[in-house]
Amino acid sequence: MSDTASNRPELPSEIARRRTFAIISHPDAGKTTLTEKFLLYGGAIQMAGQVRAKGEARRTRSDFMQMEKDRGISVSASAMSFDYGTFRFNLVDTPGHSDFSEDTYRTLTAVDAAVMVIDGAKGVESQTQKLFEVCRLRDLPILTFCNKMDRESRDIFDIIDEIQENLAIDVTPASWPIGVGRDFVGTYDILRDRLELMDRADRNKVAESIEINGLDDPKLAEHVPAHLLETFLEELEMARELLPALDRQALLDGTMTPIWFGSAINSFGVKELMDGIANFGPEPQIQVAQPRNIAPEEKKVTGFVFKVQANMDPKHRDRVAFVRMASGHFKRGMKLTHVRTKKLMTISNPVLFLASDRELAEEAWAGDIIGIPNHGQLRIGDTLTEGEALRVSGIPSFAPELLQSVRAGDPLKSKHLEKALMQFAEEGAAKVFKPSIGSGFIVGVVGPLQFEVLASRIEIEYGLPVRFEQSQFTSARWVAGDKQALDKFINANSQHIAHDHDGDIVYLTRMKWDIDRVERDYPDLKLTATKEMM
Ligand code: GDP
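Chemist: Looking at this model, I keep getting lost on the sheet that holds strand S16 (residues 335–338). Mind explaining?
Modeler: The antiparallel open sheet is built from seven strands, whose spatial order is S17-S16-S21-S13-S14-S20-S18. Two strands in the sheet have a free side with no partner beyond their single neighbour: strand S17 (343–346) and strand S18 (351–352). Bridge analysis of S16 against S17 gives four bridges, and the strand direction is antiparallel. In the sheet register, His338 faces S17, and the bridge partner there is Lys343. Across the sheet, helix H11 (residues 414–427) touches strand S13 (302–310) and strand S14 (319–327), and the angle it forms with S13 is around 145 degrees.

Pasting the structure below:
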């Protein structure tokens, strides 16, 4: 692995060596398998030798889960840190269910890059497209891994075209596959002029790597079967002619994605991808905040909460807030200001999801993700600093697209239900609205599966069977404006008014037409479908 000179020389080396990223993909494309191989090649899994049986690799992954259990929390592998060569990788998990949720969006606010995994037989699928668009909103750099090359795949130029067209991003091949399906023998590493040969007999073996001196090097013909060589050379020539060369700045700007071809299950192409993340992926980036942005190299520590996970242990109503460190060098026991409440918090038991040494680490640098156990003080969007009143911005809360009313199976337990709902609202798992007239709650989510997840969590975590039912409302908008206009609006529309868990006013309705009418009749009010969390 060669180190590339930092494009931000002002970064201390501890920060410059960090790569914080998420994997985005359509279900089944191979995200889990790739994650396992990352852990295997990273320091996360202590390897006795180079080779490991598949079963063993699986066991090691569940060890990791066991470790979480031993610590009394289950983070469901929300964040994993491991060393790769001289680099520290922080891999943040995007929620696995196929519903697009705000959770996914917020996870992507905590990373500096995304690895997009696509299935070579399928190309860009619907979920990839959606997630990609979310990355686009933030100009997140994207590295692409085209997986399952050991099986029949689509034409490579077609796949590249599809990415360029559907996702409107330039694609540069970092490697080129040789042969397809059964005939797939490996790839040519375009960035380093090396031939990488896949060993079909041993899924965990690191590929054989052969240095090549120009395309007329006789070593090519020695290792590539004759019937594949000609096609490969033609394709490579065409690729070099038609496709742009890697431009790191364009990658960092999010306008170009390098693509690697491989087979995660055969551990093939994974190291090249990891080298790519290390050498070309972004270092910890500047964080957009108010009233000023935060640079990672600043001496003072800042961080922000992008995810809250509650009820890891149903007996204790504790939560873990996942904090992305935005600047500085954090040390355990530090006192940080919780900017929203202006209170000092001593961070005495932060959790670092270090998979390699399995111990609570005592420090963290900008780019790292730490978990802070707390009793509910920390909410999504909160910023922690060494005193300055900074607020990280850009962590949105979306208006839910689906609304249902919820009722406790046992009417006497409605206080319990309220508590459970508020907890989920603070966790960011759902929107909870309390209508100003009548009793009960309206719950809003972005994907339909979330109602089922909520119902089962309320039952498991609170011992409370609940029923979700059709609500009379289908849309929600936050309403803001000066007090006089607001009061007038509320009085005239009391049937439609509710409050969210922060006490902010929400307008609920059945018809899009209603929203247009309000906007027309109350020009002084602002109706919004997102609310910035703070
Ligand atoms: P996820 O849903 O994206 O996390 O996908 P998984 O990692 O669970 O993989 C989905 C399926 O594809 C599993 O059955 C894997 O064994 C299989 N798979 C993953 N990578 C490869 C690969 O490189 N080649 C082949 N043939 N199958 C793969």
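Read on for the rest.
Chemist: Quick question: what am I supposed to make of the environment of Gln484 here?
Modeler: By secondary structure assignment, the location of Gln484 is in helix H13 (residues 483–492). On the basis of relative accessibility, which here comes to 69%, the residue Gln484 falls in the exposed class. Between the C-alpha atom of Gln484 and that of Gly428, which follows or precedes it by 56 residues, the distance is 31 Å.

Chemist: Explain the site of the ligand to me, please; I cannot follow it from the model alone.
Modeler: As a matter of local geometry, the ligand sits amid 15 residues, with Asp28, Thr32, Thr33, Asp150 and Ser263 nearest to it. Asn147 is positioned such that a nitrogen or oxygen atom in its side chain is 3.1 Å from an oxygen atom of the ligand. Within the backbone of Ala264, one N or O atom sits 3.1 Å away from an oxygen atom of the ligand. For the ligand, the protein covers 75% of the area, taking 570 Å² as the surface of the free molecule. It is helix H2 (residues 31–41) that provides the largest number of residues to the shell around the ligand, a total of three residues. When grouped by side-chain class, the residues that make up the shell around the ligand number four nonpolar, six polar and five charged.

Chemist: It is not clear to me how the packing of H11 against helix H12 (residues 449–462) should be interpreted in this structure. Could you clarify?
Modeler: Helices that pack against each other are described as a pair by the angle of their axes relative to one another and the distance between those axes. One way to put it is that H11 packs onto H12 with a least axis distance of 11 Å and a crossing angle of 120 degrees. Accordingly, the angle class assigned to the pair H11 and H12 is oblique. Judged by the sense of rotation from one axis to the other, the crossing of H11 with H12 is right-handed. For the pair H11 and H12, the contacting residues are Leu417, Lys419, Ala420, Leu421, Gln423, Phe424 and Glu427 in the first and Leu454, Arg457, Ile458, Glu461 and Tyr462 in the second. Looking at side-chain class alone, the contact of H11 with H12 contains seven nonpolar, one polar and four charged residues.

Chemist: Would you explain the pattern of salt bridges in this entry?
Modeler: A side chain of one charge can pair with a side chain of the opposite charge when the charged atoms of the two come close. Per the counting criterion, the structure on display carries 29 salt bridges. A salt bridge links Glu461 to Arg457; its shortest N-O distance comes to 2.7 Å. Here Arg457 and Glu461 lie together in helix H12, a separation of four residues that amounts to about one turn. Within the structure, one salt-bridge network assembled from shared partners comprises Glu14, Arg17, Arg18, Asp83, Arg88 and Asp368.

What counts, and where the lines are drawn
Residues numbered from 1 in each chain as written. Predicted model: local features only at pLDDT ≥ 70, side-chain atom pairs only at ≥ 80, totals over all residues. Heavy atoms only, no water. Pairing = 2+ DSSP bridges. Helix = DSSP H or I, 4+ residues; strand = E, 2+ residues; numbered from the N terminus. Contact = heavy atoms within 4.5 Å. Axes fitted to C-alpha atoms, helices over the stretch in contact; angles between N-to-C directions. Buried < 20%, exposed > 50% of the residue type's maximum accessible area, 1.4 Å probe, protein only. Near = heavy atom within 4 Å. Polar contact = N/O pair within 3.5 Å; in protein donor to acceptor, adjacent residues only side chain to side chain. Areas by Shrake-Rupley, 256 points an atom, 1.4 Å probe, with all protein chains shown as cover. Nonpolar A, V, L, I, M, F, W, Y, C, P; charged D, E, K, R; others polar. Parallel < 35°, antiparallel > 145°, perpendicular 65-115°, else oblique. Left-handed = near helix turned anticlockwise from the far one by under 90°. Salt bridge = Lys/Arg side-chain N within 4 Å of Asp/Glu carboxyl O.

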